[in-house]
Amino acid sequence: MRVKVTSTEFQQNVGRYQDAAQQAPVAITKNGRTHTVLISAVFFEMVMKGRAARRVEDLDDDTLKAIANSAVPREYAALDEMIKDGNP
């Protein structure tokens with residue numbers, strides 16, 4: 001469940017909402033609309049891992065194992081065959 005708070009309330013209780021963001025995102029509103037969302041550093045890193053290009057040498061062991069153990073779902077097997085056959 002996401003916490004929703006006004007920017008004034010957030011400014012008056014920053015520590016409280018920093019703690020709350022460790023459990024769930026905190027939506028900070030301005031003029032009645034969500035303006036900013038505060039999230040934990042752990043959640044931020046998790047989201048960014050899948051979004052940023054990295055060199056293979058920079059990947060951690062868990063990520064390398066996940067890639068090595070991954071498989072293409074059967075529904076996309078035909079695409080693999082197209083690549084192997086050289087057909088666009």
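In short, a report on the structure.

Quick notes on the rules
- Residues numbered from 1 in each chain as written.
- Predicted model: local features only at pLDDT ≥ 70, side-chain atom pairs only at ≥ 80, totals over all residues.
- Heavy atoms only, no water.
- Helix = DSSP H or I, 4+ residues; strand = E, 2+ residues; numbered from the N terminus.
- Rg over C-alpha atoms; globule rule 2.2 N^0.38 Å.
- Phe/Tyr/Trp six-rings, centres within 6.5 Å; stacked < 30°, edge-to-face > 60°.
- Buried < 20%, exposed > 50% of the residue type's maximum accessible area, 1.4 Å probe, protein only.

## Some details on the overall build of the protein chain
Tallying secondary structure elements over the protein chain gives five helices and three strands in all. Going from the N terminus to the C terminus, the protein chain shows its helices and strands as β-α-α-β-β-α-α-α. By the compact-globule yardstick of 12 Å for 88 residues, the protein chain is too spread out, its C-alpha radius of gyration being 21 Å. By principal-axis analysis of the C-alpha atoms, the protein chain measures approximately 65 × 30 × 20 Å.

## Remarks on the packing of aromatic side chains
Evaluated as defined, the whole model comprises one aromatic pair. When the ring of Phe10 is compared with that of Tyr17, the centres are 6.2 Å apart and the planes differ by 35 degrees; the resulting orientation is tilted. For the pair Phe10 and Tyr17, a shared accessibility class is recorded, and that class is buried.

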